[in-house]
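Analysis of the macromolecular model
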Amino acid sequence: MDDNQFIDEVAERANVVREQAEALTRATLWTLGERITGGEARHIAAQLPVELQTPLVAAEEEAEGFSLDEFIRRTAERAGVDRGTADIGVAAVLATLRDTISGDDVSHMMSQLPLEFREVAAGPRLRDVRPTGGDRP
């Protein structure tokens, strides 16, 4: 998957325009890089398109411990969106990550996050919600 496909999937999942999906993706990845260890962040980055790796590659070794609420607040601030949009965007980015990186890496990433993150990332897989055939609504 290239960066355009990743961002398009986030846009579709979050039901936002592409520019907003790109801002949400980058903001969520920066915040994720703060919340998980540097080693894990770089391991995930290696499975993403080069254009999306920077926020995770730059992660500090020590993870910061903060809640989902703080994660969404930081993402909203970085992306320049309201809290509701950030909430939906974070879920879209985490679900797209879940569908992009290996299952073991998803498990390792989620093991570093509080349980509430698992519920957010467990949203429907995009291929399960895409209409079949015909034009998109």
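Coordinates for the structure precede this section.
A brief structural summary. Nothing here was measured: the structure is a model prediction, and the numbers come from that model. (Residues numbered from 1 in each chain as written. Predicted model: local features only at pLDDT ≥ 70, side-chain atom pairs only at ≥ 80, totals over all residues. Heavy atoms only, no water.)

Side note on the overall build of the protein
Along the protein, the regular secondary structure elements total 9 helices and 0 strands. The N-to-C order of helical and strand elements in the protein reads α-α-α-α-α-α-α-α-α. In the protein, which comprises 137 residues, the proportion classed as buried is 46%. Within the protein, contacts between residues separated by at least 24 positions form 68% of all contacts whose residues are at least 6 apart in sequence. (Helix = DSSP H or I, 4+ residues; strand = E, 2+ residues; numbered from the N terminus. Buried < 20%, exposed > 50% of the residue type's maximum accessible area, 1.4 Å probe, protein only. Contact = heavy atoms within 4.5 Å.)

Examining the pattern of salt bridges
Scanning the entire structure with this criterion turns up 14 salt bridges. In this structure, the salt-bridge partner of glutamate 22 is arginine 18, at a minimum N-O distance of 3.8 Å. Of this pair, glutamate 22 and arginine 18 both sit in helix H2 (residues 18-35), 4 residues apart, which is roughly one turn of the helix. Looking at arginine 18, the relative accessible area reads 27%, which means it is partly exposed. Put simply, aspartate 99 and arginine 98 hold a salt bridge, and the shortest N to O gap is 3.0 Å. Classification of arginine 98 by relative accessible area gives buried; the value is 14%. Here the residues in one salt-bridge network are Glu34, Glu64, Glu70, Arg73, Arg74, Glu77 and Arg78, joined through shared partners. (Salt bridge = Lys/Arg side-chain N within 4 Å of Asp/Glu carboxyl O.)

Remember that the coordinates give geometry; whether it matters functionally is a separate question.
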